[in-house]
Amino acid sequence: MVFGSCATGLNLPASDIDLLVYNPEVKEVTMINKLCHQLHRSGFCKSLEPLKHTKVPLIKLQDKETNIQLDISFNRTNGIYCVKLVKFLQKKYPELRPMILILKSFLKSRQLNETYHGGVGSFLLTMLVTSYLQREYKQGDTDNKDLGTHLIQFFHLYGQVFNYDHIGISIRKEGSYFTKEKRGWEGRDERSRSRLCVENPQDPEVDIGKPAYHIKKVQRAFQHAYDTLVFNNSGSVSLLKLIIDPEMFHNF
């Protein structure tokens, strides 16, 4: 089964394809070993890397002919639920999809989009944008705001205003914030205190923001983008050119 941004329509031209192999009667490590062996014999992989000891064991590969990259995971069905949730959120909040495509491009151009390297992955970013839009919808003035205004306000919220040290995010029940201390999610040192905490809507006991250990870099990038857009003196025809390389959109 295909899941992730390719299944939700939130993929960029060079995005990986996420695949799920589901066979609960076989252990993950066994499936990884067998599939890696067959993929290696097939000869169509430009690169092939089994990751057996990560939190979510998977196979990362790149196709030799197309250069398309695939992540193959096993027996973890939460990704299928996420597809259904994200499709629902896109219908509920029309601003969600264009904002995510721009923000994914923004993070990718700074190498801050990869979950396995401490960045903000697609689903976590979707939760951040959803939380922002929930706040805006509660205020009731979204009809008077264009996407450019939403983008600038998003950068302002997560770049300058949001209290990463003490506050966590939930999108359940139209969205809310909570104190990290009440959940026992507060950190014990300077680095962990300032980490991003986002409740998993499928399991409120799980913090999906924890893997984003480069969140301070992400925060600084958001803050710089806000300053660049608000205090722009370049006279550029397109403000997005100030924060995103136009080459990223040639294949759209």
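Use the structure listed above.
The structure reproduced in this document is the subject of the present report. (Residues numbered from 1 in each chain as written. Predicted model: local features only at pLDDT ≥ 70, side-chain atom pairs only at ≥ 80, totals over all residues. Heavy atoms only, no water.)

## A closer look at the overall build of the protein
- Along its length, the protein carries 9 helices and 7 strands.
- Since a compact globule built from 252 residues should have a radius of gyration of about 18 Å, the 19 Å found for the protein is in line with a globular shape.
- Seen along its three principal axes, the alpha-carbon backbone of the protein occupies a region of about 55 × 45 × 35 Å.
- Going through the 252 residues of the protein one by one, you find that 43% of them count as buried.
- Accessible surface computed for the protein: about 14,100 Å², of which carbon and sulfur atoms make up 51%.
- Across the protein, the centroid of the 34 positively charged side chains sits 4 Å from that of the 27 negatively charged ones. (Helix = DSSP H or I, 4+ residues; strand = E, 2+ residues; numbered from the N terminus. Rg over C-alpha atoms; globule rule 2.2 N^0.38 Å. Buried < 20%, exposed > 50% of the residue type's maximum accessible area, 1.4 Å probe, protein only. Areas by Shrake-Rupley, 256 points an atom, 1.4 Å probe, with all protein chains shown as cover. Lys, Arg positive; Asp, Glu negative; His and termini not counted. Charge placed at Lys NZ, Arg CZ, Asp CG, Glu CD.)

## Quick notes on unusual backbone geometry
- The backbone of Gln-111 sits at a positive phi, close to 55 degrees, despite the residue not being glycine.
- By the secondary structure assignment, Gln-111 is in the loop between α4 (96-108) and α5 (122-139).
- Using a relative accessible area of 70% as the deciding quantity, one classes Gln-111 as exposed.
- Non-glycine residue Glu-174 carries a positive phi angle of around 70 degrees.
- With respect to the secondary-structure elements, Glu-174 resides in the loop between β6 (167-170) and β7 (176-179).

## Comments concerning the pairing of β6
- The pairing of β6 with β7 spans 4 bridges and is antiparallel. The residue of β7 that forms the bridge with Ile-167 is Thr-179.
- The loop that links β6 with its antiparallel partner β7 comprises 5 residues; one of these, Lys-173, has a positive phi angle of about 55 degrees. (Pairing = 2+ DSSP bridges.)

## Points about the sheet that holds strand β1 (residues 2-3)
- Spatial strand order, β1-β2-β5-β4-β3: 5 strands in an open sheet with mixed pairing. The sheet is open, and its two edges are formed by β1 and β3 (45-51), each paired on a single side.
- The pairing of β1 with strand β2 (residues 17-21) spans 2 bridges and is classified as antiparallel. The residue of β2 that forms the bridge with Val-2 is Leu-19.
- Packed onto the sheet, helix α2 (residues 28-42) meets β2, β3, β4 (58-63) and β5 (69-74) and runs at close to 165 degrees relative to β3. (Contact = heavy atoms within 4.5 Å. Axes fitted to C-alpha atoms, helices over the stretch in contact; angles between N-to-C directions.)

## As for the nonpolar core
- Ranked by size, the top nonpolar core spans 43 residues in total, and within it Phe-154, Phe-155 and Tyr-158 carry the most contacts.
- At the level of elements, α3 (78-92), α4, α5, α6 (147-161) and α9 (215-230) are the ones that each hand at least two residues to this core.
- Excluding its chain neighbours within four sequence positions, the residues that come into contact with Tyr-158 are Leu-128, Ser-131, Tyr-132, Tyr-164, Ile-169, Gln-219 and Phe-222.
- In terms of nonpolar packing, the next biggest core, distinct from the first, is built from 10 residues, Ile-32, Cys-36, Ile-59 and Phe-74 among them. (Core = buried A, V, L, I, M, F, W, Y, C linked by side-chain atoms within 4.5 Å.)

## A closer look at the packing of aromatic side chains
- Throughout the structure, instances matching the rule amount to 12 aromatic pairs.
- Look at Phe-155 and Phe-222: their rings are 5.6 Å apart centre to centre, the planes differ by 45 degrees, and that puts the pair in the tilted class. In this pair, Phe-155 sits in helix α6 while Phe-222 sits in helix α9, placing the two residues 67 residues apart along the sequence.
- For Phe-222, a relative accessible area of 1% puts it in the buried group.
- Its end group placed over the ring of Phe-178, Arg-183 keeps NZ or CZ at 4.0 Å from the ring centre. (Phe/Tyr/Trp six-rings, centres within 6.5 Å; stacked < 30°, edge-to-face > 60°. Lys NZ or Arg CZ within 6 Å of the ring centre and 35° of its normal.)

## Points about α6
- Over its 15 residues, α6 runs 20 Å from end to end, which matches the ideal 21 Å to within 8%, given 1.5 Å per residue.
- The elements touched by buried residues of α6 are α4, α5, β6, β7 and α9.
- The N-capping residue of α6, defined by a side-chain oxygen 3.2 Å from the backbone nitrogen of Gly-148, is Asp-146. (Expected span 1.5 Å × (residues − 1). Polar contact = N/O pair within 3.5 Å; in protein donor to acceptor, adjacent residues only side chain to side chain.)

## Quick notes on the pattern of salt bridges
- Applying the stated rule across the entire model yields 7 salt bridges.
- With a closest N to O distance of 2.7 Å, Arg-172 and Glu-199 form a salt bridge. With Arg-172 in the loop between β6 and β7 and Glu-199 in the loop between α8 (190-193) and α9, this pair connects stretches of sequence that are 27 residues apart.
- The exposure class of Arg-172 is partly exposed, given its relative accessible area of 33%. (Salt bridge = Lys/Arg side-chain N within 4 Å of Asp/Glu carboxyl O.)

## A closer look at the packing of α3 against α5
- Running from amino to carboxyl end, α3 crosses α5 at an angle of 30 degrees, the nearest separation of the two axes being 11 Å. Overall, the two elements α3 and α5 adopt an arrangement that is roughly parallel. Like other packed secondary-structure pairs, α3 and α5 cross with a definite hand, here left-handed. Across the interface between the two elements, Cys-82, Leu-85, Val-86, Leu-89 and Lys-92 from α3 touch Phe-123, Thr-126, Met-127, Thr-130 and Tyr-137 from α5.
- Partitioned by chemical class, the residues of the contact of α3 with α5 number 7 nonpolar, 2 polar and 1 charged. (Parallel < 35°, antiparallel > 145°, perpendicular 65-115°, else oblique. Left-handed = near helix turned anticlockwise from the far one by under 90°. Nonpolar A, V, L, I, M, F, W, Y, C, P; charged D, E, K, R; others polar.)

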